[in-house]
Amino acid sequence: MQLQQVVSLAEEINVVRDGVKQTYGAGSEPFGEIVDAWEAMTVNSVVMPAFGVSLNEHTLNAMQSGVWAEFCFAESRVINGLPFEKLLIEVKPEYAGFNLNRYTRERGYGGRCFYIDLRGGNMQAFYELLTK
């Protein structure tokens, strides 16, 4: 399975706006809308090497402002040799590419990230859905 498609397997999606979390479980209407918007946003995207690593404390502090989407899985997943139980992205409408921070029980949000290049697209529609 490719990284762009794994979000449909999430158990729940957390939308975090300025530190306030709203949770949507698999099977709910908002969950389906978010997955559909994700798939539309990433349809032509390419996974590339990440530009950096995530530092758990820094990432948790950063989540106190802005808009974030956190995809939580019932079991550990591995893509490109990198394990995760959650994936986290900061959502900004102008972003044409973004890091996906991996969460593991052992390191939290510390470690290598994935990077998705939207190949000329941006996060505008995804951002609008998460902020409505």
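Above: the structure in question.
Notes on the structure in this doc start here. Here the residue numbers are simple positions, counted from 1 along each chain's written sequence. Confidence filtering applies because this is a predicted model: local features only for residues at pLDDT of at least 70, side-chain atom pairs given and counted only at 80 or more, and all residues used for totals across whole chains, interfaces and linings. The basis for the side-chain values is all heavy atoms of the structure; hydrogens and waters are excluded.

## Observations concerning the pairing of strand β7 (residues 111–117)
And step 1. Relative accessibility under 20% of the residue-type maximum defines a buried residue, over 50% an exposed one, and the middle range a partly exposed one, all with a 1.4 Å probe and only protein chains included. Helix and strand assignments come from DSSP, with helices taken as H or I runs of at least 4 residues and strands as E runs of at least 2, each series counted from the N terminus. Burial runs high along β7: six of the seven residues are buried.
And step 2. Both strand β3 (residues 46–54) and β7 contribute to a ladder of six bridges, which runs antiparallel. Following the sheet pairing, M48 is matched in β7 by Y115.
And step 3. Two strands make a pair as long as DSSP finds a minimum of two bridges between them. Here strand β6 (residues 97–103) runs beside β7; their pairing, made up of four bridges, is antiparallel. The residue of β7 that forms the bridge with G97 is D117.

## Thoughts on the packing of helix α2 (residues 29–42) against helix α4 (residues 124–131)
And step 1. For the pair α2 and α4, interaxial distance at closest approach is 9 Å and the crossing angle is 165°. As far as their axial angle goes, α4 and α2 are roughly antiparallel. The element α2 and its partner α4 pack so that their crossing is left-handed. Here E33, I34, A37, W38 and M41 of α2 come into contact with α4, specifically with F126, L129 and L130.
And step 2. By the convention adopted, Pro, Cys, Tyr, Trp, Phe, Met, Ile, Leu, Val and Ala count as nonpolar, Lys, Arg, Asp and Glu as charged, and the other residues, Gly among them, as polar. Residues that form the contact of α2 with α4 fall into these classes: seven nonpolar, no polar and one charged. Helix axes are fitted only over the stretch in contact, all axes being lines through C-alpha atoms; the angle between N-to-C directions runs from 0 to 180 degrees. Roughly parallel covers angles under 35 degrees, roughly antiparallel covers those over 145, roughly perpendicular covers 65 to 115, and oblique covers all other angles. In this scheme the crossing of two helices becomes right-handed for a clockwise turn of the near helix relative to the far one and left-handed for an anticlockwise turn of less than a right angle. Residue contacts are defined here by distance: any two heavy atoms, one from each residue, within 4.5 Å place the two residues in contact.

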